[in-house]
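Observations on chain architecture
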Amino acid sequence: MRSISLAFLVGLAAHEAAAHATFQDLWIDGVDMIKGRLHGAQCVRLPLSNSPVTDVTSNDIRCNINSGPVGKKCVVKAGSTVTVEMHQQPGDRSCKSEAIGGDHFGPLMVYMSKVADSSTDLGSGSWFKIFQDSWAKNGSGATGDADFWGTKDLNTCCGKMNVKIPSDLPPGDYLLRAEVIALHTAAAPNGAQFYMSCYQLTVTGGSGSATPSGVSFPGAYTASDPGILINIHAPLSTYTAPGPAVYAGGSTKSAGSPCAGCESTCTPGSGPTGTASSVPLPTQTGGGGPSGCSVAKYGQCGGTGYTGCTNCAAGSTCSAVSPPYYSQCV
Ligand SMILES: *[C@@H]1O[C@H](CO)[C@@H](O)[C@H](O)[C@H]1NC(C)=O
Ligand SMILES: [Cu+2]
């Protein structure tokens, strides 16, 4: 281990990190909800980094390893369309950069959970699936890599995916969980990569009283699900995305179908920006990262695209070992 150079390790980390991605933005009926925030929608709980969750039994599978609840809720009418938006790097919304690169092929799914307060709930309740863009066979392709996938649609549509909020949901607070599963290394156990962010919503206007049956996270997936433990570098005759069926009031997109609505017309910076409703900010202490976070010695504490904790454990300080790409606690 000692003989492996730091430059090699940093190179590996930088290469892989370039392919990872984060759901960061949200549009509501064509209005960009980023106003006033450096990057990310006002109501999104941004993950600490763009690295994936790989353990389906951990609580991180709910809302990722994030900096916790944020101070705003996005208000959305039942029956309207929101657009979730993913990118590899924080704030890089350019369509020239793939939303999720590195042949990270797999399905895109969106879940909701009814909660008392979306600005504080940690996602331990019941989740129902409201959207799926999964897989379709590519008749001229040889293997699963050439097939149509939700993530390819995401890249085609500049990181954006339209998602209908079921019209029969009763008003109130909900968490919305957008998720991509990248299957490029899923042939090995625990090789599938889960990328998700939770958005804090308040749903209004619904006169319905639907209570869709749901699943819990962890619990909804097992590491050996056929949609999770799978070799997509072989020909696929079928693909079954994990989790429950899409709720009848939700929607699906067939993989390979063209971008529609906001997916093709909503361009960051050109359209209106909206304001989410404010809630009392959760108490934060210290600076440079979420409350009480600490990076162990030799862990990453900064660098291009890094959005995680920047506080080094006692006895070490954050040093730019490979500027501007990588800083480490030493
Ligand atoms: C479908 O397969 C062909 C032949 O391999 C390939 O050129 C094309 O890019 C594939 N389509 C997608 C969406 O990957
Ligand atoms: Cu990745």
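Further up the page is the structure itself.
Reading the values: the criteria
- Residues numbered from 1 in each chain as written.
- Chains lettered and ligands numbered in written order.
- Predicted model: local features only at pLDDT ≥ 70, side-chain atom pairs only at ≥ 80, totals over all residues.
- Heavy atoms only, no water.
- Helix = DSSP H or I, 4+ residues; strand = E, 2+ residues; numbered from the N terminus.
- Buried < 20%, exposed > 50% of the residue type's maximum accessible area, 1.4 Å probe, protein only.
- Contact = heavy atoms within 4.5 Å.
- Areas by Shrake-Rupley, 256 points an atom, 1.4 Å probe, with all protein chains shown as cover.
- 1 Å grid on protein atoms, 1.4 Å probe; cavity = no way out; pocket = protein on both sides within 12 Å on 5 of 7 lines; lining within 4 Å.
- Points joined across faces, edges and corners; volume = space filled by probe spheres on them.
- Nonpolar A, V, L, I, M, F, W, Y, C, P; charged D, E, K, R; others polar.
- Salt bridge = Lys/Arg side-chain N within 4 Å of Asp/Glu carboxyl O.
- Donors = N, O, S within 2.8 Å, 3.2 Å for Na, K, Ca; no water.
- Pairing = 2+ DSSP bridges.
- Near = heavy atom within 4 Å.
- Polar contact = N/O pair within 3.5 Å; in protein donor to acceptor, adjacent residues only side chain to side chain.
- Core = buried A, V, L, I, M, F, W, Y, C linked by side-chain atoms within 4.5 Å.

It is worth spelling out the overall build of the chain at this point. Looking only at helices and strands, the chain has 4 helices and 17 strands in total. When the 330 residues of the chain are sorted by exposure, 50% land in the buried category. Contacts spanning at least 24 positions in sequence make up 74% of the contacts within the chain whose residues lie at least 6 apart. A total accessible area of about 13800 Å² is found for the chain, and carbon and sulfur atoms account for 57% of it.

Another point: empty space enclosed by the protein. On inspection of all chains with the given rule, the structure shows 2 cavities of 30 Å³ or more. By volume, the second largest cavity amounts to about 40 Å³. Within the residue set of the lining of the second largest cavity, elements represented by two or more residues are β1 (22–28) and β12 (193–204). With 3 residues, the top contributor of residues to the lining of the second largest cavity is β12. For the lining of the second largest cavity, a count of residues per class yields 5 nonpolar, 6 polar and no charged.

As enumerated under the stated definition, the model contains 7 salt bridges in all. Two residues, Glu179 and Arg177, come together in a salt bridge whose shortest N-O distance is 3.0 Å. Under the relative-accessibility criterion, Arg177 is labelled buried at 0%. Glu263 is the partner of Lys253 in a salt bridge, and the nearest nitrogen-oxygen pair spans 2.9 Å.

At 1.9 to 2.5 Å from the copper ion (ligand 2) lie its protein donor atoms, namely His20 (ND1), His104 (NE2) and Tyr195 (OH). Sequence spacing among the residues donating to the copper ion (ligand 2) works out to H-x83-H-x90-Y. One end of the pair, His104, is in the loop between β5 (81–87) and β6 (108–115); the other, Tyr195, is in strand β12, with 91 residues separating them in the sequence. Of the two residues, His104 and Tyr195, both sit in the buried class.

In this section: the sheet that holds β5. Read from one edge to the other, the open sheet built from 4 strands follows the order β2-β1-β5-β10, with strand pairing classed as antiparallel. Only two strands of the sheet have a single neighbouring strand rather than two, namely β2 (31–32) and β10 (160–164). Pairing between β1 and β2: 2 bridges, direction antiparallel. Counterpart to Trp27 in the pairing with β2 is Asp32.

Checked against the element boundaries, Asp225 lands in the loop between β12 and β13 (251–252). Excluding residues that lie within four positions of it along the chain, Asp225 makes contacts with Ala220 and Pro242.

With that out of the way, let us pick up the site of ligand 1. As a matter of local geometry, ligand 1 sits amid Asn138, Ser140, Gly141, Ala146, Phe148 and Lys152. Asn138 is positioned with one of its side-chain polar atoms (N or O) 2.3 Å from an oxygen atom of ligand 1. A distance of 2.8 Å separates an oxygen atom of ligand 1 from a polar side-chain atom of Lys152. Within the complex, the protein chains bury 48% of what would otherwise be the 360 Å² of accessible surface of ligand 1. Residues that form the shell around ligand 1 fall into these classes: 2 nonpolar, 3 polar and 1 charged.

Let us look at the nonpolar core. In terms of nonpolar packing, the biggest core is built from 40 residues, with Leu26, Met112, Ile165, Leu176 and Tyr199 touching the most fellow members. For this core, the elements supplying multiple residues, two or more each, are β1, β4 (72–77), β5, β6, β7 (128–133), β10, β11 (172–182) and β12. It is β11 that contributes the most residues to this core, 5 residues altogether. If we ignore the near neighbours within four places in the chain, the residues touching Leu26 are Val31, Asp32, Met33, Ala41, Cys43, Cys74, Val82, Thr83, Val84, Tyr199 and Leu201. One finds Met109, Leu175, Phe194 and Ala241 within the second-largest nonpolar core, a separate group that totals 28 residues.

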